[in-house]
Structures are given as C-alpha cells and as structure tokens.
Amino acid sequence: MPILITVGLVALYFVWAIWGRKTAQNEASARLDPLWSKITRRKACKWDKTGDANGRFVEYRCATCRVAAMSHSGKPPQDCKRNLSSGL
C-alpha cells in the first residue's frame, strides 16, 4: 500500500510540474507586468530650447534625460531621443 501512495504522489508531482507550475508562472507574470512597468516607467521629456541653430534646425535639450535633439519645425521634438545615442 505505501508503494501505491508513493507512486500516486510522484504522478501528482509530475502533473503539477508539467502543467501547474507553468500556469502559475503565467498568472504571476500577468500580475507582475503592470507593476513592473509602473516601476520602470520613465518621465516624459521636457524640452528646452538651447538657442543653438544650424541653418533651419534648432537644438532642444531634454530637462529629464539630458539628451539633445534638433527640430526644423520650431516646435520641440515629440519623441524622446535617449535611445538613439546607444544605437537602438
């Protein structure tokens, strides 16, 4: 009888290891993803005009991430340029 109980427990463990653990990981990651994005979210760029001009282009510097960008429309850039310096 103890052998049958052991075999049954081992079978339940394998069912849990194959199906249950993967389901639990998916549920945990679904709950943690919004929390992680709140933690790692960056502030929006606040562009300041530096006054440096190169022809039609005017230079702006972000007060949040300290990245410089050029604009030809007279308005600050809409997108953050911090990833362009790293080649992304």
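Just above, that's the structure.
The present account deals with the structure reproduced in this document. (Residues numbered from 1 in each chain as written. Predicted model: local features only at pLDDT ≥ 70, side-chain atom pairs only at ≥ 80, totals over all residues. Heavy atoms only, no water.)

Attention shifts here to the nonpolar core. Of all hydrophobic cores here, the largest spans six residues; its members are Cys45, Trp47, Val58, Tyr60, Cys62 and Ala69. Here the element with the most residues in this core is strand β2 (residues 57-62); it accounts for three residues. In this structure, Tyr60 is in contact with Trp47, Asp48, Lys49, Thr50, Val67, Ala68, Ala69, Ser71, Gly74, Lys75, Pro76 and Pro77, ignoring residues within four places of it in sequence. (Core = buried A, V, L, I, M, F, W, Y, C linked by side-chain atoms within 4.5 Å. Buried < 20%, exposed > 50% of the residue type's maximum accessible area, 1.4 Å probe, protein only. Helix = DSSP H or I, 4+ residues; strand = E, 2+ residues; numbered from the N terminus. Contact = heavy atoms within 4.5 Å.)

This paragraph deals with the side chain of Ser71. Topologically, Ser71 is positioned in strand β3 (residues 68-71). A distance of 3.3 Å separates polar atoms of two side chains, one belonging to Ser71 and the other to Ser73. The contact partners of Ser71, leaving out residues within four places of it in the chain, are Arg56, Phe57, Val58, Tyr60 and Pro77. (Polar contact = N/O pair within 3.5 Å; in protein donor to acceptor, adjacent residues only side chain to side chain.)

Next up on the list: a nonpolar patch on the surface. A cluster of nonpolar side chains, contributed by Val10, Tyr13, Phe14, Trp16, Ile18 and Trp19, occupies part of the molecular surface with about 730 Å² of accessible area. Looking at the element boundaries, Ile18 is found in helix α1 (residues 2-40). In this structure Ile18 comes out as exposed when scored by relative accessible area, which is 65%. (Patch = residues over 30% accessible without salt bridge, like charges linked within 9 Å, V, L, I, M, F, W, Y side chains within 5 Å. Areas by Shrake-Rupley, 256 points an atom, 1.4 Å probe, with all protein chains shown as cover. Salt bridge = Lys/Arg side-chain N within 4 Å of Asp/Glu carboxyl O.)

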